[in-house]
Structures are given as structure tokens and as C-alpha cells.
Number of protein chains: 2
Amino acid sequence: MPLEIPEVVIDRLPVYFRLLSRMRAAGETVVSSQELGEALGVTPAQIRKDLSYFGRFGKQGRGYSVERLVEELRAILGLDHGWRLVVVGMGRLGQAIASYQGFGAQGFTIAALYDTDADVIGEHVEGIEVRDVRHLEADLRDLEVDVGVVAVPAEHAQAVIDSMVRAGIRAVLNYAPMAAQVPSDVEVRQVDPVLQLQSMTYHLTRRDAAAPQPSIAR
Amino acid sequence: MPLEIPEVVIDRLPVYFRLLSRMRAAGETVVSSQELGEALGVTPAQIRKDLSYFGRFGKQGRGYSVERLVEELRAILGLDHGWRLVVVGMGRLGQAIASYQGFGAQGFTIAALYDTDADVIGEHVEGIEVRDVRHLEADLRDLEVDVGVVAVPAEHAQAVIDSMVRAGIRAVLNYAPMAAQVPSDVEVRQVDPVLQLQSMTYHLTRRDAAAPQPSIAR
């Protein structure tokens, strides 16, 4: 495997993994780049190029072994062992995160929950006691947590992320609508539906402008 | 403006817009590509390249006018008018979406809510009555909705998306963990924290493997 796989390819691998896992569960054994492309809305050439970074999968004209692709992707993505999360912020969003079944199903276990609100601290969410965020940094040194999940208001998010980083966290899933600042050896991913809506309104605007008066389209 | 701006650039524009809006609110009037790059964790060269697609902003060495960038990005992204959403699925996730203050603050108004559960239909979430999803397609023809938000379980998501598309929706924000199939003139964005976690575990795995025994890194 080459050392440097483009980030855009890495970001697509989990999508391949999910689709192929479903195919395997449905009993499918072989899949073509054509089928994968149709299911994911990309070209077969893109599929072949993405998978070629790992250089060991299918053969042209014969398709890919679903089982082998699933297992290779599982190993590549590090999904063959479990990962532990903490969630900071137990508002409506944090509670929805804590109760989301999709994490556990994919091997992501919530190890601890935190908030600042005295009314929430000591309560249980999904069987886990909510602790005072003041304990976060000390706790993290013992908890063997892999990923910090940030579900606090934007104005408090950087301080929470700084605590996580000081305590050795190297991956942050940030739901707060702000650009997190982290050292270069820390991974951050942003869950931000507003940014995604805004990238769609770009297209909707172009289309609306283009439809009645094509010559206006810039 | 050229007709074709790369998707990766379009996806970054909302991030620029948010940061610059904050800078303007803080009274800043001029910003350099260096400052923007530092705040967003990308190189100044990348910032200049991204903004050059629109060809009218800063001058080398003088920085960008914050006010002008904000207003240009607002127009480019189509944020100078409001957009209307419907949300289908009023489980915990759908309720968190319906009550998320970040949408309204950015001009995204929720026009209607839907569910299939008789216990939920007729209830009010954030002052909006939850309607039976059976009315979705007929309602959409009258509601002038721009974006359909899908917060139903994965196995029901495609049917909901198909209804939306039949009723003329051209942008879908999909929270269901599945690859939505839509015609080529429909935009889809996926909000999927598991995929984002999995793209980070790729990096965590490489790093863990590399740290004790660098020669193992593939």
C-alpha cells in the first residue's frame, strides 16, 4: 500500500465498506465496478481508481470478491477492533448522539458523557452517568478513549477541544459550528448540516438562475 | 465566474462564509490569505486559489475586504434569500434537527414535519404539527419547499427520497445511513457521523502502527 492515499479517497472508503457489508449480508459474492458505481452515483472508473490504491483487489472483467473487499476495507479502516468515544455536551444534540444506535453497531462505544449543567450532571443517558466536564481532562488520562465528540455550543467548543488534545486525544468529531484549531497530528471531522445545506443552495441558485434565462448563468 | 467550479471548492465556500461572517461581526475589515489559512488549517495558497475561481476579490499583498467577501459569498451561495425545509422522521434525531437553532439563524426555515407513528402524528415539535408522511408528496406540491431532510431509518429512506423527488424536490439532506439514489439533477448531501469516524480511524490505525515500529507502516 502506498504511504499517501489522497484524503478524498480515504473519505470514500467508509462508504464502500458500508455498501459492501450490506451486499455481503444480502448474500452477494461478486460485484463489478459498474454495479458499485451505480449504487454510489460515481463512475466505474472512479471506483477502480479508488480501489487501485490498495492494489490487491479485483481483476478487470471478473469483478471484485465482496467478502475480500469487506475484509480488506475493515482492516484498512481499522474497524477490526473497537474504538472508544467520549461525548461532551448533553443538550438535545448530545443526547441524540449518545442514543444513536449506529455507533455501537459499527464498533464505536461511548465510554463517558460530560456536561456543565448541574441539572444534568449525575443523570443517566443510555445507562451512562453524565459527569461534570471539569473532570474531563483527568478522566481522559485513564479512560483509554480514542475519539472526543464535541456537542457543546460553538463558543465553548475550542476550550473543550483543547482539553481533549492536552489529555492525548488524537481524533475529534466536532458538531459545534466552528472551525476547530488543533495540532497537525490531531484529526478533526466536522458534522455540520448547515455547511452541507449551503453547498446545496449554491447549486439550487445556479439552477434557478439558469432555468428561465440561460444566458445569465455565470 | 467560470461555469465549472470544482465541488471540493464549493464545499469549502460555506466554511469561508461562516468564518468571515464572524470576523465581520467582530469588527474586522481586512483579512489576509495567511490569516484565513491559519484559522481554517489550510495553506494561504489554497485560500487564494479557492477564491480566485470568483476572480474579483483581494489583491496580492493588500488582503481581502471582509465585508466584500461576505457579501460576494452570500450571493454566490444563494444565502441572500431564505430556503424552506421539510423534515421526515420525528424520532430523537428528527426532533433534534427540528429544534436545531442553527438552521433558522442561517435562513433555513422548517416548513413541515412528518412521521409514520400514530403516537407522534398531530403532536407539535417546535410549534409545528407533525403530519402523516402519507401526505408528504401532496403537501410538497403546495409548500414551495427547497430541501427535503431525511431522518428516517435506513430501510425507509429511499422510499421517502423517491416521494420527495417525484414532488419536485431538488436537494436532499440525508441523515439515514444509506447511499441515496437520485436523478442526476438532484443534489444529495449525507450527514453521517459514522462515515466520518471511520475516516479518522484509518488515520489512527496508521499512526498506532507507525509509532512503535515505523517499518510496519504500509
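Analysis parameters
- Residues numbered from 1 in each chain as written.
- Chains lettered and ligands numbered in written order.
- Predicted model: local features only at pLDDT ≥ 70, side-chain atom pairs only at ≥ 80, totals over all residues.
- Heavy atoms only, no water.
- Helix = DSSP H or I, 4+ residues; strand = E, 2+ residues; numbered from the N terminus.
- Buried < 20%, exposed > 50% of the residue type's maximum accessible area, 1.4 Å probe, protein only.
- Areas by Shrake-Rupley, 256 points an atom, 1.4 Å probe, with all protein chains shown as cover.
- Lys, Arg positive; Asp, Glu negative; His and termini not counted.
- Charge placed at Lys NZ, Arg CZ, Asp CG, Glu CD.
- Core = buried A, V, L, I, M, F, W, Y, C linked by side-chain atoms within 4.5 Å.
- Contact = heavy atoms within 4.5 Å.
- Phe/Tyr/Trp six-rings, centres within 6.5 Å; stacked < 30°, edge-to-face > 60°.
- Lys NZ or Arg CZ within 6 Å of the ring centre and 35° of its normal.
- Arc of directions from axis to C-beta.

Mind laying out the overall build of chain A, listing which residues take part and the relevant values?
Scanning chain A for helices and strands turns up 9 helices and 9 strands. With the C-alpha coordinates aligned to their principal axes, the bounding extent of chain A is approximately 60 × 50 × 35 Å. Here chain A holds 218 residues, and the buried ones make up 48% of them. Just so you have it, chain A exposes about 10300 Å², and 50% of that area is on carbon and sulfur atoms. Of the charged side chains in chain A, 22 are positive and 29 negative, and the gap between their average positions amounts to 9 Å.

Could you give an account of the nonpolar core, with specific residues and numbers?
Ranked by internal contacts, the top residues of the largest apolar core, which has 99 residues, are A:Leu20, A:Leu36, B:Leu20, B:Leu36 and B:Leu113. Apart from the residues within four sequence positions on either side, B:Leu36 is in contact with B:Leu19, B:Leu20, B:Met23, B:Val31, B:Ile47, B:Leu51, B:Tyr64 and B:Leu69. Among the nonpolar cores identified, the runner-up in size contains 22 residues, and A:Val86, A:Leu136, A:Val152 and A:Ala176 belong to it.

If you had to explain the packing of aromatic side chains to someone new, which residues and values would you point to?
Taken as a whole and judged by the stated rule, the model has 2 aromatic pairs over all chains. Taking the centre distance of 5.1 Å and the plane angle of 90 degrees together, the rings of A:Tyr100 and A:Phe103 count as edge-to-face. The ring of B:Tyr202 has B:Arg206 sitting right over it, with the charged end atom 4.5 Å from the ring centre.

Which residues make up helix H3 (residues 44-52) of chain B, and what values do they have?
All names here are of chain B. Those residues of H3 that sit buried are Ile47, Asp50 and Leu51. Along the axis of H3, the buried positions cluster into a sector of 90 degrees, meaning they face one direction only. Its buried side turned inward, H3 meets helix H1 (7-25), helix H2 (33-40), strand S2 (64-65) and helix H4 (66-76).

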